[in-house]
Number of protein chains: 2
Amino acid sequence: MSPSPVIEDTLKTIYHLQQEAGPPVGTSAIADRLDKAQATVTSTLDRLEDQELITREPYQGCELTDKGRTVAVEVLRHHRLLETYLADHLDYPWEQVHEEADRLEHHISEEFERRLAETLENPRRDPHGDPIPGEDLEPPNQDPMTPLSACEVGDRVVITRVSDRNEDDLAYLADVGITPGTAVHIVDVAPFGMITLDVDGTEQAIPEEVATSIRVTSLNDVDDSVSVDHRGDA
Amino acid sequence: MSPSPVIEDTLKTIYHLQQEAGPPVGTSAIADRLDKAQATVTSTLDRLEDQELITREPYQGCELTDKGRTVAVEVLRHHRLLETYLADHLDYPWEQVHEEADRLEHHISEEFERRLAETLENPRRDPHGDPIPGEDLEPPNQDPMTPLSACEVGDRVVITRVSDRNEDDLAYLADVGITPGTAVHIVDVAPFGMITLDVDGTEQAIPEEVATSIRVTSLNDVDDSVSVDHRGDA
DNA sequence: GTATTAAATTAGGGTAGGCTAAATTATGAC
DNA sequence: GTCATAATTTAGCCTACCCTAATTTAATAC
């Protein structure tokens, strides 16, 4: 039986949390991300454990098995291929692709996945700058990237990815011209306030909460493995 | 709350059965089509009635309300837009589009539906020759069409639609060159056996079970309302 | 009208996925 | 070490869907 949307969403969330803070991943962290009650997640984790998709230490947290990680990565591949396709072929605005992909990722066939990848010519990055896992379903290595709010003033940097979490923030960033591939100059970083950027000659002030969802790379570090400029649509 | 896939599939099935034989639609006819137990369908119909999507006479059958028919037609629009898109833009073979569309039809947003229709330039027929309902969700008028097995020998006819029910039959028909828009000559109709057609100069024998899924229109009757030749890919 | 039969419903039971409230366990303060 | 708190699990309940088996109703034959 192929995994249900709930199972896939839970595995995907554990995968992301593992990337961010490493295992073990706690129940309430998952519940927060999925907007479910803790008890609901506990019973879902029971099922994941039965299916050998995670290992678990009572009261301590869980960790993906190889099997679980492969499922998570496949869902991630679906998600990012869909985002890319929606933006490139159906003219979706950059900030709207996430929501649609989040539903469809659970319902496309292997055939559909293949044809998407083929039509897009096996893209390596999605519209947010995130790496798209390959057909082998190896976890993509997350490039070590610095959040914008932690950058030094005076850096000349290039945006490599923008989190796809919040649609309003995304729309705002797209509006001021900040997309993966944009080169910017950091004019000022205030400890508790706005971060000022020079974007294409215009100064833009970004609230810090929003800025932390932007990851940047120093211009010197731009190389093939990061490959940010294949998708500079703004 | 938007209707679940089970609710949508049941409404779609009732819609089709109403088109074929008119209301009331019996429980076991629905159960057969959906490959579910009768008792399962009975309890689904209870829910449909609660939601005012159907009316029901105990032991007699059910009928769609306006509300229920609108939901069914929207699902039908999704299905046929998806089939058309898969065939035209993702290079799906004609006989494979049905299965993929049957899952995805329940999971696309109104936005996705709009962008599909726009990209396809508001198509009127899907790859099987079936009419695609418009944005207004008015039920498309099913053109009165004759099943092939009921045609007179000697007719010069044009294929207007081919049922999308059975993938194997579809592949076979596509293989011998029978798709919506093909003009054929009926050479022979045996009472219990094969039907012989002249397709593009070659004689093709079709088993009667398969032939009944092909609907035809006399060449004289071909007009704008039927518009079969905008999609003659074979 | 009665008997047969087919169709439909009811009865009873199962799993997945959702919740709140109560109990339990781990953790950090002191 | 004890205590307060936070995280986690358990207990108990709900709905949607799914099933089989038993019952009821409708339709048909005679």
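Going along each chain's sequence as written, the residues are numbered from 1 onward. The lettering of chains begins at A and the numbering of ligands begins at 1, in the order of writing. Note on the predicted model: pLDDT of at least 70 is required for a residue's local features to be given, and 80 or more for side-chain atom pairs to be given and counted; whole-chain, interface and lining totals, by contrast, use all residues. Water and hydrogen atoms play no part in the side-chain values, which are based on all heavy atoms of the structure.

As named in an unreviewed UniProt entry, chain A is DtxR family transcriptional regulator, taken from Halorubrum halodurans. Recorded under Subcellular location (unreviewed entry), the UniProt text for chain A is reproduced unchanged: "Cytoplasm". Note on chain A: under the UniProt heading Sequence similarities (unreviewed entry), the record states "Belongs to the DtxR/MntR family." UniProt positions are given in the numbering used here, feature names are shortened, and annotations may be inferred rather than shown by experiment.

Caption draft 1: Layout of empty space enclosed by the protein. Definitions used for this entry: grid spacing 1 Å over protein atoms alone; cavity, a set of points where a 1.4 Å probe fits but cannot get out; pocket, an open set with protein on both sides within 12 Å along at least 5 of 7 lines; lining residue, one with an atom within 4 Å of a point. Grid points are joined across faces, edges and corners, and a volume is the space filled by probe spheres set on the points. This model, assessed by the stated rule, comprises three cavities of 30 Å³ or more. Roughly 120 Å³ of volume is contained in the largest cavity. By the criteria applied, helices consist of DSSP H or I runs no shorter than four residues and strands consist of E runs no shorter than two, each listed in order from the N terminus. Counting only elements with at least two residues in the lining of the largest cavity, the list comes to helix H4 (66–89) and helix H6 (110–119) of chain A together with helix H4 (66–89) and helix H6 (110–119) of chain B. All residues other than Ala, Val, Leu, Ile, Met, Phe, Trp, Tyr, Cys, Pro, Asp, Glu, Lys and Arg, Gly among them, are scored as polar; the first ten of these are nonpolar and the last four charged. The residue makeup of the lining of the largest cavity, split by class, is 15 nonpolar, no polar and no charged.

Caption draft 2: Layout of the UniProt feature "domain: HTH dtxR-type" (unreviewed entry) in chain A. As annotated by UniProt and renumbered to match this structure, "domain: HTH dtxR-type" (unreviewed entry) occupies residues 1–65 of chain A. Between the first and last C-alpha atoms of residues 1–65 of chain A the distance is 18 Å; the span itself is 58% helix and 12% strand.

Caption draft 3: Looking closely at the environment of Gln 51 of chain A. Residue and element names in this part refer to chain A. Note that Gln 51 resides in the loop between helix H3 (38–50) and strand S1 (54–57). Each residue's exposure class comes from its accessible area (1.4 Å probe, protein chains only) as a fraction of the maximum for that residue type: buried when under 20%, exposed when over 50%, partly exposed otherwise. Given a relative accessible area of 35%, Gln 51 falls into the partly exposed group. With sequence-adjacent residues up to four places away left out, Gln 51 is seen in contact with Ile 7 and Lys 67. Any two residues whose heavy atoms approach within 4.5 Å are treated as being in contact.

Caption draft 4: The arrangement of the protein's contact with DNA strand D in detail. Here a residue is near a molecule or strand as soon as one of its heavy atoms is found within 4 Å of it. Lining the immediate surroundings of DNA strand D are 18 residues, of which Ser 28 and Gln 38 of chain A together with Ser 4, Thr 40 and Arg 47 of chain B lie closest. Each atom of DNA strand D within 4 Å of the protein belongs either to a base or to sugar and phosphate, the latter forming 80%. At a separation of 2.9 Å, a phosphate oxygen of DNA strand D approaches a polar side-chain atom of Thr 27 of chain A. Counting of polar contacts relies on pairs of N or O atoms within 3.5 Å, with two restrictions inside protein: one atom must be capable of donating a hydrogen and the other of accepting it, and residues adjacent in sequence are counted only when both atoms are side-chain atoms. In the model, a phosphate oxygen of DNA strand D is placed 2.4 Å from a nitrogen or oxygen of the Ser 4 of chain B side chain. Those elements that place two or more of their residues in the surface near DNA strand D are helix H2 (27–34) and H3 of chain A together with helix H1 (5–21) and helix H3 (38–50) of chain B. Looking at side-chain class alone, the surface near DNA strand D contains seven nonpolar, eight polar and three charged residues.

Caption draft 5: Summary view of the side chain of Thr 13 of chain A. Summarising the element assignment, Thr 13 of chain A is placed in helix H1 (residues 5–21). Beyond its immediate chain neighbours, meaning those up to four positions away, Thr 13 of chain A contacts Ile 30, Arg 33 and Leu 34 of chain A.

Caption draft 6: Seen up close, unusual backbone geometry. Between Pro 23 of chain A and the following residue, Pro 24 of chain A, the backbone shows a cis peptide bond with an omega angle of 0°. Following the sequence through the fold, Pro 24 of chain A ends up in the loop between H1 and H2. A positive phi angle, near 60°, is found at Asp 35 of chain B, a position not held by glycine. Assignment of secondary structure puts Asp 35 of chain B in the loop between helix H2 (27–34) and H3. Phi is positive for Asn 122 of chain B, which is not a glycine, with a value near 45°. With respect to the helices and strands, Asn 122 of chain B occurs in the loop between H6 and strand S3 (146–147). Assessed through its relative accessible area of 53%, Asn 122 of chain B is described here as exposed.

Caption draft 7: Focus on the nonpolar core. Throughout this description, the term nonpolar core refers to a set of buried Ala, Val, Leu, Ile, Met, Phe, Trp, Tyr and Cys residues connected via side-chain atoms within 4.5 Å. Counting residues in each nonpolar core, the largest one holds 32 residues, and the members touching the most others are Phe 112 of chain A together with Phe 112 of chain B. For this core, the secondary-structure elements that each account for two or more residues are H4, helix H5 (97–104) and H6 of chain A together with H4, helix H5 (97–104) and H6 of chain B. Setting aside chain neighbours within four positions, we find Phe 112 of chain A in contact with Leu 82 of chain A together with Leu 86, Leu 90, Tyr 92, Glu 100 and Leu 104 of chain B.

Caption draft 8: View of the confidence of the model for chain A. Residue and element names in this part refer to chain A. Think of pLDDT as the predictor's per-residue confidence, scored from 0 to 100. In this model, chain A carries an average pLDDT of 84, and 82% of its residues clear a pLDDT of 70 or more. Across residues 223–234, where pLDDT falls below 50, the model places 21 contacts with residues more than four positions away in sequence or in other chains. The ipTM for the predicted assembly is 0.80, set against a pTM of 0.81.

Caption draft 9: Region of interest: the relation of the copies chain B and chain A. A residue counts toward the fit only if its pLDDT is at least 70 in both copies, and the copies are then superposed by least squares on the C-alpha atoms of those residues. Under the fitted operation, chain B is carried onto chain A by 0.0 Å of movement along the axis and a turn of 180°, and the coordinates agree to an RMSD of 0.0 Å. Between the two chains, the operation in question is that of a two-fold axis. Residue by residue, 100% of the interface of chain B is reproduced at the interface of chain A, so both copies engage with the same surface.

Caption draft 10: Examining the environment of Leu 104 of chain B more closely. All names here are of chain B. For Leu 104, the position within the fold is in helix H5. For Leu 104, a relative accessible area of 4% puts it in the buried group. Once the C-alpha coordinates of Leu 104 and His 79 are considered, the two residues, 25 residues apart in sequence, prove to be 7.8 Å apart.

Caption draft 11: Looking closely at the pattern of salt bridges. Put simply, a salt bridge is a Lys or Arg side-chain nitrogen that is within 4 Å of an Asp or Glu carboxyl oxygen. On inspection of all chains with the given rule, the structure shows 22 salt bridges over all chains. For Glu 100 of chain A, the salt bridge is made with Arg 103 of chain A, and the minimal N-O distance between the two is 3.5 Å. One end of the pair is Glu 100 of chain A and the other is Arg 103 of chain A, both in helix H5 and three residues apart, which spans about a single turn. Note on Glu 100 of chain A: relative accessible area 3%, which makes it buried. The class for Arg 103 of chain A is partly exposed, based on a relative accessible area of 30%. One salt bridge connects Asp 66 of chain B with Arg 69 of chain B, and the closest N-O pair in it is separated by 3.4 Å. Note that Asp 66 of chain B and Arg 69 of chain B are positioned in helix H4 at a spacing of three residues, about one turn of the helix.

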